[in-house]
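# Chains, contacts and geometry: an overview
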Amino acid sequence: RIATSPIGMPLDKLQSVLELIIVVSDAMRAHRAIAEHCNILHRDISAGNFLFRRMMDGTVKGMLIDFDHAIDCENLDAMPQNEHIGTLNFMSVNNLEGNSNRRTELDDWEALIYVLVWLGTFGLNGMPKHDSDIDEHKRIAGAKINYWVDGKTLKDIASYKRGDLDSSSSFKSILNQFDIRVDRINVLVGLLSMMRNILIDNAGCSEDGRGANMKQPFNHGNCESSASKVTPGSLSPLSIFALLVEWQEAMNTPMIDPFKVRADMAPTIAKELLAMLEDAAECCRELLNKAGTESNEPNATN
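Just so it is clear, the model here is predicted, and its values are computed rather than measured. (Residues numbered from 1 in each chain as written. Predicted model: local features only at pLDDT ≥ 70, side-chain atom pairs only at ≥ 80, totals over all residues. Heavy atoms only, no water.)

## Side note on the overall build of the protein
Helix and strand counts for the protein come out as 11 helices and 5 strands. Here the protein holds 302 residues, and 41% of them are scored as buried. Considering only intrachain contacts with a sequence separation of at least 6, the fraction spanning at least 24 residues in the protein is 72%. A total accessible area of about 16,400 Å² is found for the protein, and carbon and sulfur atoms account for 54% of it. (Helix = DSSP H or I, 4+ residues; strand = E, 2+ residues; numbered from the N terminus. Buried < 20%, exposed > 50% of the residue type's maximum accessible area, 1.4 Å probe, protein only. Contact = heavy atoms within 4.5 Å. Areas by Shrake-Rupley, 256 points an atom, 1.4 Å probe, with all protein chains shown as cover.)

Here's what the structure looks like:
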């Protein structure tokens, strides 16, 4: 079905960060339900595919639109792996690389993180809030996430995103570029930190499924490498040879991709992400209600 008349407003018409979180929570609740009950994967989470309506009481309700690229999750094997679906800024690592990893709803949740980071960096209207055009251009050029669109190739952009997500410290360096003059921007920072932790470093995953960068099997896992026990003068020539053999075998072993490992836990991780997002949205509603109540209270001098 195609809706030909407006059914909502774009995100740049929202009045606050708190409303943004509420709208996104509503939309992703629908996303989770459609994935769980209809086996449909959206595949094009972007800032332009979220709309909202302002209700009579002033509250906002969010919705997810544009299922043009949606596919049946039960027929993922029929999907060409080299397809690059969606908006460049918000494409998942798997999507950018066109790799053989199974596509799941985690790709869409990853894209949501990029959407919120983009808005946190450049503002709800897609542009930074600075005093002059010169400041504006400097901010865009200096933003780390500028490489999400300016990479030479799609794989270059994927590599940047892997590095950005790999650790909490690397991700924090991006969040630190948010415009602190935006009211309640700290709420968005906290939300994104939690989302990244659940998606990338989920406690239910094995070590192989944590992080974002490709891993050498030689350096992690349950089998502790003998290299970690090496001290000066502790190895005989024979031991050195054995260590070199171990290293060579590891180098010939395919790298481990955490995104591939996490795909097996996609429904569980998605449920955790939605639960956390809904909790955050509820807190935002309470903050907005409190602010509205205080603004309606009569002046103490009256």
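## Some thoughts on the side chain of Asn-89
Its place among the elements puts Asn-89 in the loop between β5 (71–72) and α2 (93–97). Once residues lying within four places of it in the same chain are set aside, the contact partners of Asn-89 are Tyr-114, Trp-118, Trp-148, Val-149 and Lys-161.

## Regarding the sheet that holds strand β4 (residues 60–64)
Taking strand neighbours across the sheet as the criterion, the 3 strands line up as β1-β3-β4 in an open arrangement whose pairing is antiparallel. Edge positions in the sheet fall to β1 (9–10) and β4, since each of these pairs with one other strand and no more. The pairing of strand β3 (residues 50–54) with β4 spans 5 bridges and is classified as antiparallel. If you follow Phe-52 over to β4, its bridge partner there is Gly-62. Running over the sheet, helix α1 (residues 17–38) touches β3 and β4 and is turned about 40° from β4. (Pairing = 2+ DSSP bridges. Axes fitted to C-alpha atoms, helices over the stretch in contact; angles between N-to-C directions.)

## Describing the packing of helix α7 (residues 168–175) against helix α8 (residues 185–200)
The geometry of α7 relative to α8 is characterised by a closest axis approach of 11 Å and an angle of 155° between their N-to-C directions. Classed by the angle they form, the pair α7 and α8 counts as roughly antiparallel. The handedness of the crossing between α7 and α8 is right-handed. Judged by residue contacts, Ser-168, Phe-171 and Leu-175 of α7 engage Val-189, Leu-192, Ser-193 and Arg-196 from α8. The residue inventory of the contact of α7 with α8, partitioned by class, reads 4 nonpolar, 2 polar and 1 charged. (Parallel < 35°, antiparallel > 145°, perpendicular 65-115°, else oblique. Left-handed = near helix turned anticlockwise from the far one by under 90°. Nonpolar A, V, L, I, M, F, W, Y, C, P; charged D, E, K, R; others polar.)

## Focus on the pairing of β3
In this structure, β1 lies alongside β3, joined through 2 bridges in antiparallel fashion. Bridge pairing in β3 links Pro-10 to Leu-51. What sits between the antiparallel neighbours β3 and β4 is a turn of 5 residues, in which Gly-58 has the positive phi angle 95°.

## Overview of the pattern of salt bridges
Summed over the entire model, instances satisfying the criterion amount to 12 salt bridges. Between Arg-181 and Asp-179 there is a salt bridge whose closest N-O contact spans 3.3 Å. By relative accessible area, Asp-179 is classed as buried at 8%. Members of the salt-bridge network, linked through shared partners, are Asp-26, Arg-29, Glu-278, Glu-282 and Arg-285. (Salt bridge = Lys/Arg side-chain N within 4 Å of Asp/Glu carboxyl O.)

## Points about the packing of aromatic side chains
In total, this model carries 4 aromatic pairs according to the counting rule given. With 4.9 Å between their ring centres and 65° between their planes, Tyr-114 and Trp-148 make a pair best called edge-to-face. Here Tyr-114, found in helix α3 (residues 105–122), pairs with Trp-148, found in helix α5 (residues 147–150); they are 34 residues apart in sequence, far enough to count as distant. An angle of 65° between the planes, with centres 4.8 Å apart, marks the rings of Trp-118 and Phe-122 as edge-to-face. Residue Trp-118 and its partner Phe-122 are both found in helix α3; the two are separated by 4 residues, about one turn of the helix. Under the relative-accessibility criterion, Phe-122 is labelled buried at 4%. Put simply, the rings of Phe-90, Trp-118 and Phe-122 pair up and form one aromatic cluster. When the ring centre of Tyr-114 is taken as reference, the NZ or CZ atom of Lys-161 above it lies at 3.9 Å. Directly above the aromatic system of Phe-259 lies the positively charged group of Arg-262, at a separation of 4.7 Å from the ring centroid. (Phe/Tyr/Trp six-rings, centres within 6.5 Å; stacked < 30°, edge-to-face > 60°. Lys NZ or Arg CZ within 6 Å of the ring centre and 35° of its normal.)

## Some words on the packing of α1 against α8
In contact at an axis separation of 8 Å, α1 and α8 are set at 35° when each is read in the N-to-C sense. Touching Val-17, Leu-18 and Ile-21 of α1 are Ile-185, Val-187, Leu-188 and Leu-191, all from α8. When grouped by side-chain class, the residues that make up the contact of α1 with α8 number 7 nonpolar, no polar and no charged.

## Focus on the state of the cysteines
Overall, the coordinates contain 0 disulfides when judged by the stated rule. Cysteine Cys-73 shares no disulfide, and the gap to the nearest cysteine sulfur, in Cys-38, comes to 9.8 Å. With a relative accessible area of 26%, Cys-73 lands in the partly exposed category. (Disulfide = S-S within 2.5 Å.)

## Some words on unusual backbone geometry
Positive phi values are uncommon outside glycine, yet Asp-66 reaches one of about 65°. Assignment of secondary structure puts Asp-66 in the loop between β4 and β5. One non-glycine residue, Arg-184, adopts positive backbone phi at about 65°. Inspection of the secondary structure assignment puts Arg-184 in the loop between α7 and α8.

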